[in-house]
Amino acid sequence: MTSLLGDVFCQCRAAGTHPGDDPGGGGVGEPYTDPQQLTPSDPNQSCDRCDGAEQEHRLKVLFQILDVNGDGGICVNDLTIGLKKLGVHRTEHELMKIVKAGDKDLDGQLDFEEFVHYLRDHEKKLRLVFKSLDRKNDGRIDSQEIMQSLRDLGVHISEEQAEKILKSMDKNGTMTIDWNEWRDYHLLHPAGNIPEIILYWKHSTILDVGECLMVPDEFTAEEKNTGMWWRHLVAGGGAGGVSRTCTAPLDRLKVLMQVHASKSNSMQIAGGFSQMIREGGVRSLWRGNGINVIKIAPETAIKFMAYEQIKRLIGSNQETLGIAERLVAGSLAGAIAQSSIYPMEVLKTRLALRKTGQYSGISDCARHIFQKEGATAFYKGYVPNMLGIIPYAGIDLAVYETLKNWWLQRYATDSADPGVFVLLACGTTSSTCGQLASYPLALVRTRMQAQATQEGGPQMSMTGLFRHIVRTEGATGLYRGLAPNFMKVIPSVSISYVVYEYLKITLGVQSK
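Residues numbered from 1 in each chain as written. Predicted model: local features only at pLDDT ≥ 70, side-chain atom pairs only at ≥ 80, totals over all residues. Heavy atoms only, no water.

As annotated in an unreviewed UniProt entry, the chain is Solute carrier family 25 member 25 from Cynoglossus semilaevis. Of the chain, the UniProt comment under Subcellular location (unreviewed entry) reads exactly: "Mitochondrion inner membrane". UniProt, in the comment section headed Sequence similarities (unreviewed entry), describes the chain in these words: "Belongs to the mitochondrial carrier (TC 2.A.29) family." (UniProt positions renumbered as here; feature names shortened; annotations may be inferred.)

Under the criterion given, the structure shown has seven aromatic pairs. Ring geometry for Phe 63 against Phe 112: centres 5.5 Å apart, planes inclined by 85°, an arrangement best described as edge-to-face. Note that Phe 63 is positioned in helix α2 (residues 52–66) and Phe 112 in helix α5 (residues 112–133), a separation of 49 residues in sequence. Judged by relative accessible area, which is 21%, Phe 112 ranks as partly exposed. Taken together through their ring pairs, the aromatic side chains of Phe 63, Phe 112 and Phe 115 make up a single cluster. The ring of Phe 112 is capped by Lys 60, whose NZ or CZ atom sits 5.8 Å from the centre of that ring. (Phe/Tyr/Trp six-rings, centres within 6.5 Å; stacked < 30°, edge-to-face > 60°. Helix = DSSP H or I, 4+ residues; strand = E, 2+ residues; numbered from the N terminus. Buried < 20%, exposed > 50% of the residue type's maximum accessible area, 1.4 Å probe, protein only. Lys NZ or Arg CZ within 6 Å of the ring centre and 35° of its normal.)

On to helix α7 (residues 159–169). Buried residues of α7: Ala 162, Leu 166 and Met 169, and no others. The arc that holds the buried residues of α7, viewed along the axis, is 60°, so those residues lie on one side. Seen from the open side of α7, the exposed residues pointing more than 90 degrees away from its buried face are Glu 160, Lys 164 and Lys 167. (Arc of directions from axis to C-beta.)

Residues Leu 66, Ile 74, Leu 79, Phe 115, Ile 141, Ile 177 and Trp 182 are the most contacted members of the largest nonpolar core, which totals 32 residues. Sorting the residues of this core by element identifies α2, α3 (76–85), α4 (92–102), α5, α6 (143–152), α7 and α8 (179–186) as the ones contributing at least two each. In terms of residue count, the dominant contributor to this core is α5 (eight residues). Those residues within four positions of Ile 141 in sequence are excluded, and the remaining contacts are Phe 130, Leu 133, Asp 134, Ile 146, Leu 166, Thr 176, Ile 177 and Trp 182. One finds Leu 285, Ala 352, Leu 353 and Ala 450 within the second-largest nonpolar core, a separate group that totals twelve residues. (Core = buried A, V, L, I, M, F, W, Y, C linked by side-chain atoms within 4.5 Å. Contact = heavy atoms within 4.5 Å.)

Turning to the packing of helix α11 (residues 228–246) against helix α15 (residues 296–313), a few remarks are in order. Interhelical geometry of α11 versus α15 gives an angle of 145° and a closest axis separation of 10 Å. Seen along the crossing, α11 lies across α15 with a hand that is right-handed. Across the interface between the two elements, Trp 229, Leu 233, Gly 237, Gly 240, Gly 241 and Arg 244 of α11 pack against Ile 296, Thr 300 and Phe 304 of α15. (Axes fitted to C-alpha atoms, helices over the stretch in contact; angles between N-to-C directions. Left-handed = near helix turned anticlockwise from the far one by under 90°.)

Moving on, we get to the side chain of Asn 289. Relative to the helices and strands, Asn 289 resides in helix α14 (residues 289–294). For Asn 289, a relative accessible area of 10% translates into the label buried. Side chain to side chain, Asn 289 and Thr 245 meet in a polar contact 3.2 Å long. (Polar contact = N/O pair within 3.5 Å; in protein donor to acceptor, adjacent residues only side chain to side chain.)

A separate point is the pattern of salt bridges. Using the criterion set out here, one finds twelve salt bridges in the structure. Between Arg 447 and Glu 473 there is a salt bridge whose closest N-O contact spans 3.2 Å. You can see Arg 447 sitting in helix α19 (residues 420–450) and its partner Glu 473 sitting in helix α20 (residues 462–473), a full 26 residues away along the chain. Of the two residues examined, Arg 447 and Glu 473, each falls in the buried class. Several salt bridges share partner residues, and in doing so they unite Asp 251, Lys 254, Lys 348 and Lys 488 into one network. (Salt bridge = Lys/Arg side-chain N within 4 Å of Asp/Glu carboxyl O.)

Our focus in this paragraph is the confidence of the model for the chain. When pLDDT is averaged along the chain, the result is 77; 75% of the residues meet or exceed 70. Summarising per-element confidence for the chain, the mean pLDDT is lowest in helix α9 (residues 195–200) (48) and highest in helix α17 (residues 362–373) (93). Every residue in residues 196–200 is under pLDDT 50, and counting partners more than four places away or in other chains gives 18 contacts. Here residues 203–207 is a poorly scored stretch, pLDDT under 50, and it has 25 contacts once near neighbours within four places are set aside; other chains count. (pLDDT = per-residue confidence, 0-100.)

Dropping the structure here:
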């Protein structure tokens, strides 16, 4: 790419000021660090701030060049022609992504305000990537740093290939890239999937809140090639097993409240625990936990394999998917996994509700169900369970991405790494919101699974059960058992994280 774009965007380069060139904190309209004036002893020296009116004038000049037809908005066609004038060539798909990313009012083009907002937002992401690549922290990127950073993402290239990448961005022939060159080259390139950010912001492998409906994590090519992916999954599965076992009494109480609590039979938390202990002793608090732990392994493995196959089927050639693609692929993978292990879900509910001596174990329970109710009994409640996947996965993903982007916009200055506390807080909040949205469907699923245990009770359909609950208990009846469900979220997340980190060390998982 030629330097025309950089020159139009920053006409005061020679004067030592620039709208948005200091990777240490400047954005569009912030102090500029002239690479010619830097010394090794003072790599973050910056010059005087530009005048605000002058900054806006320069942005307007660039906007006017790109607004080819002069209608006050930049569309894909304008970008195609305008960028060619500046010596920049982008595919139509890339230009559509730029317009889509900045188009807040959805009119198919960028007005001046949207254009400036896009540049500032995109530049902040570019700054984070520049800092992650600049491993020597000298304000420049060389071929060795490019090779190492790509190697971390599973992409192995030769030094000659790294130098070719450098030459495409290097304007002054130094065979290094400073912030100006990096920014000018990438500013109008829609690098939507920033690997540095994606690698740090994983959450579904770590967290286990008793439900397994969230969208799977992305694994890099290196993690897949080195076998780190299965170590992550095993560590996550082990952490989930310990977490579920520690919070099993709350989970069993939730099931009992979902099935038996009503307006006339108001089951409280303390009373529910007392009732369980009176009926079967302390050990009865863990009824149904064995099958709940056992199903982690097949469900995780099936979901991961299905997710990878669906990624290929939707034709994505990117290592990481966009949010919409992740939601589609994750929801479909979740549906496949749930369909495969759903009989285990029914067994878990029946075992949690059983009375002392009713079944001798998991296989005995399965045999009784098959003999008395037939094979179809193992799929009771299947429809509401499938319907619950989309609101759970969609809201979990949307809330997590919103919190992630809010944190990156507000606090990410030197690194995209949010730290453990922020990751756990965002993951817990998003998972809880997902559970809350799909809870009525989960309650109806549990009641349908348990209908045959209530002798003489009606066998209702999903819609019939919804109507019956609302008519007899009100809308709050759809949220029976919500209190113990939420009570187990914090201990579940805390326990699963601690065990996950321990198992990662034991299994030799390399942390970034």
